[in-house]
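In case you want the letters, here they are:
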Amino acid sequence: MTDNEYVPFLSKITEIIRHTDIEYTFRMTYDGDVKPGQFFEVSIPKYGEAPISVSGIGDGTVDLTIRKVGKVTNEVFEHTMGDHLFLRGPYGNGFDLDDYRGRELVVVAGGTGLSPVRGVVDHFARHPEEVKGMTLITGFKSPADILFFGDLARWKQSMEVILTVDCADDGDKPAACQIGLVTEHLPKVKLGDISRAVAIVVGPPAMMRFSVLGLLELGFAEKNIWISQERKMCCGIGKCGHCKIGDVYVCLDGPVFNYTKGRTLID
Amino acid sequence: MGFKLSREAFDAVLQSWTDDYVLFAPKRFEQGGIYSDTDCIRYGQVQAVDEIVFDSKSLYSFKEALLPVSETLFFFTEETVKEADPPKKGAIIFLRSCDLHGLKRLDEIYLRNGPEDAYYRRLRDRVQFVLMGCPHSFENCFCVSMGTNQATDYAISVDVEGDGFLVDCKSEAWAERITPRAEAELDVTPRHVTENAVTVNIPETLTIQVASSRIWDEYDNRCIDCGRCNFVCPTCTCFTMQDLFYTENGRVGERRRIWASCMVDGFTDVAGGGSYRKKNGERMRFKVLHKVYDFKVRTGSHMCVGCGRCDDVCPEYISFSNSVNKLDQAMKEVSGR
């Protein structure tokens, strides 16, 4: 019989990084090809499955940054280092770094939207010579919700990083953190040639909509903007139908879409 | 190769299949209809030709033979997974032309849209199809408009002829079983309809812009998001995973997939409370355009096969064919803005 995609494999938790009370990164053993922006189905017998995007790629490991918000993810949080989880994947197209090489890149990420794009940011932080310039604008609801705080400091050495929270008292927030929605910070981005600049937008639906509008207003071309979509997925392989939007399956054709396609998608 | 067979002779052929195959055909479930004091014609296992209903349309399609309503994928303990065994026998499915075209849509999703589905593949490889001819159109059928009124890729066809049957056999192995039992050999073409009372017109100019038409609004209230249209449809293929464990604190259980409906609440729910298409009109639009627009964009053929079962089953008397026929006006509405 053909390979059975539904049967998960065991993966060991080698490290757990706590970001907030309900958001941890689980470093999982995985040998195989994987790209930033792809996702795995975390598959817990008795509890079900949840699609989780890859937030980092190491040597023989992948990072899955998980928010504890449902039946499956609650159960994931009951596991500790050395335990095993069932996974299947990776699925989806992921980001193609070649789309951004040699260009000025702006990444706009809201909340856990930073997870799927973290692999891209981290790659260009390590290889700043591959892009003409890079800016990360990342927003969170409050200082307590900030993810990858350690990374942000490191990334600052090789790119512009604008960290912002929706609202906070001055005393509560880190010094490097600004206040306001990510869209309010878009005009601050310094670019040489906007017509050639590229952007990635990932986050909650409303944040993505207004961020893309903001970028278009600045002069970005539609074909130079990429978005990553989040939908319910039961199979990850184009069968269950939950993630279908129009003629695309987010699990097969996405989750990363060029905006020229993304703007035509009507749920 | 065509034959005329008596009822007894066809039954004997059918019995000869049961060693290797389970037979699925439309059968009568008394008092099981959607109205009081009516029967339900739907698919089930049959042992004899007398159980097969030839003179009515089945309310549900054949798809449950290939995609069970609830299908166990694997069994699990804490750290082991064991794939569920396939059925011991193959299957022979009796179905009409529209459903045989529906099979191609199922194949498209389960064999070609992304990686192959192992569970579908293992059943599909062991299924033979018996085409039931249509002497006339049934209520709500619009197969002619969808180009699905005739089918050729069957193992054998069967048409009721007086007290017996006319059969066209494309399988040499089966022809050997039939020949000694036949009353006569003759040319047989399976009966098919060339017109339906219902016709649909899918505008050539249809684009996704039609999503913004006001025609969808009427379904916000008329549709009660029961999902029956999806469950009777031969081409609806969506499912949801379901885990269950055998005892309250047990460590063993199984994962199943069960039919899902894009018309029912919860279909798009994401973790954290988000969902898409909250209004029933939006869900109707999503379903209608999948059936007669975006599946074709993706695969080259329409998903809908014109069986009309969705119209047969709707408790609110919503007509899918009517909604398709409004698309022309809807396109004019959105392009005129």
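Caption draft 1: Region of interest: the domain arrangement of chain B. All names here are of chain B. Assigned domains of chain B: these are domain 1 (2-185) and domain 2 (208-328). Taken together, the 34 residues of domain 1 in the interface contact 27 residues of domain 2. Of the residues forming the side of domain 1 that touches domain 2, the biggest block, 9 residues, is contributed by helix α2 (residues 97-112).

Caption draft 2: Representation of the interface of chain B and chain A in the model. Taken together, the contact between chain B and chain A spans 39 residues of the former and 35 residues of the latter. Within the residue set of the side of chain B that touches chain A, elements represented by two or more residues are β4 (70-76), β5 (81-83), α2, α3 (118-124), β11 (239-245) and α8 (280-299) of chain B. By residue number, the principal contributor to the side of chain B that touches chain A is β11 of chain B, which donates 5 residues. Of the residues contributing to the side of chain B that touches chain A, the split by class is 21 nonpolar, 7 polar and 11 charged.

Caption draft 3: Highlighting the confidence of the model for chain B. A residue-level look at chain B finds 99% of positions with pLDDT of 70 or above and a mean pLDDT of 95. Quick note on the complex model: pTM equals 0.94, ipTM equals 0.93.

Caption draft 4: Geometry of the pairing of β4 of chain B. Residues and elements named next belong to chain B. Looking at chain direction, β4 and strand β12 (residues 253-259) are connected through 6 bridges and run antiparallel. Paired with Thr-72 across the bridge in β12 is Arg-256. Of the pairings in the sheet, the one linking β4 to β5 comprises 3 bridges and is antiparallel in character. Directly across from Phe-75, in β5, lies its bridge partner Lys-82. Hairpin remark: β4 followed by β5, antiparallel, with 4 residues in the connecting loop.

Caption draft 5: Highlighting helix α2 (residues 114-126) of chain A. Residues and elements named next belong to chain A. With 13 residues, α2 extends 17 Å from end C-alpha to end C-alpha; this agrees with the ideal 18 Å at 1.5 Å per step. At Val-120, α2 is bent by approximately 25°, the largest bend along its length. Among the residues making up α2, those that are buried are Leu-114, Ser-115, Pro-116, Val-117, Arg-118, Gly-119, Val-120, Val-121 and Phe-124.

Caption draft 6: Structural context of the domain arrangement of chain A. Residue and element names in this part refer to chain A. Domain assignment breaks chain A into domain 1 (9-91) and domain 2 (97-262). If you average the C-alpha positions of domain 1 and of domain 2, the two centres end up 21 Å apart. Counting residues at the interface gives 17 residues for domain 1 and 19 residues for domain 2. Elements with a minimum of two residues in the side of domain 1 that touches domain 2: β3 (39-44), β4 (48-57), β5 (61-67) and β6 (84-91). Ranked by residues supplied to the side of domain 1 that touches domain 2, first place goes to β4 with 6 residues. Of the residues contributing to the side of domain 1 that touches domain 2, the split by class is 6 nonpolar, 8 polar and 3 charged.

Caption draft 7: Quick peek at the sheet that holds β3 of chain A. Residue and element names in this part refer to chain A. The strand order β1-β2-β5-β4-β3-β6 describes a closed barrel built from 6 strands, whose pairing is antiparallel. Within the sheet, the average angular offset between the axes of one strand and its neighbour, ignoring direction, is 45°. Two strands pair when backbone bridges link them, and strand β1 (residues 9-18) and strand β2 (residues 23-29) are joined in this way by 5 bridges, in the antiparallel orientation. Following the sheet pairing, Ile-17 is matched in β2 by Thr-25. In the packing of α2 onto the sheet, the strands contacted are β4 and β5, and the crossing angle to β4 comes to about 15°.

Caption draft 8: Region of interest: the sheet that holds β5 of chain B. Residue and element names in this part refer to chain B. Strand order in this open sheet of 4 strands is β5-β4-β12-β11, and the pairing throughout is antiparallel. The sheet is open, and its two borders are formed by β5 and β11, each paired with just one other strand. Each strand of the sheet is rotated relative to its neighbour by a mean of 30°, with strand direction disregarded. The sheet contact formed by β11 and β12 spans 7 bridges and is antiparallel. Residue pairing in the sheet places Gln-242 in a bridge with Arg-256 of β12.

Caption draft 9: Highlighting the nonpolar core. Formed by 119 residues in total, the largest nonpolar core has its most connected members in Val-42 and Leu-64 of chain A together with Phe-24, Ile-93, Val-130 and Val-167 of chain B. A total of 7 residues in this core trace back to one element, the largest contributor, which is α8 of chain B. With residues up to four places along the chain from it excluded, the contact list for Val-42 of chain A reads Glu-49, Ala-50, Ile-52, Leu-64, Val-72, Val-76, Leu-85 and Leu-87 of chain A. Membership of the second largest hydrophobic core comes to 45 residues, among which are Leu-147, Ala-199, Met-208 and Leu-215 of chain A.

Caption draft 10: View of unusual backbone geometry. Look at the link from Gly-89 of chain A to Pro-90 of chain A: it is a cis peptide, with omega at 0°. Its place among the elements puts Pro-90 of chain A in strand β6. Cis rather than trans, the peptide bond between Gly-254 of chain A and Pro-255 of chain A has omega equal to 5°. Structurally, the position occupied by Pro-255 of chain A is in the loop between α6 (250-253) and β15 (256-258). If you check the backbone angles, Tyr-317 of chain B has positive phi at about 55° while not being a glycine.

Parameters at a glance
Residues numbered from 1 in each chain as written. Chains lettered and ligands numbered in written order. Predicted model: local features only at pLDDT ≥ 70, side-chain atom pairs only at ≥ 80, totals over all residues. Domains from an automatic or database assignment. Contact = placed C-beta atoms within 7 Å. Helix = DSSP H or I, 4+ residues; strand = E, 2+ residues; numbered from the N terminus. Nonpolar A, V, L, I, M, F, W, Y, C, P; charged D, E, K, R; others polar. pLDDT = per-residue confidence, 0-100. Pairing = 2+ DSSP bridges. Expected span 1.5 Å × (residues − 1). Bend = angle between axes of the 7 residues up to and from the residue. Buried ≥ 20, exposed ≤ 12 C-beta atoms within 10 Å, placed from the backbone. Axes fitted to C-alpha atoms, helices over the stretch in contact; angles between N-to-C directions. Core = buried A, V, L, I, M, F, W, Y, C linked by C-beta atoms within 7 Å.

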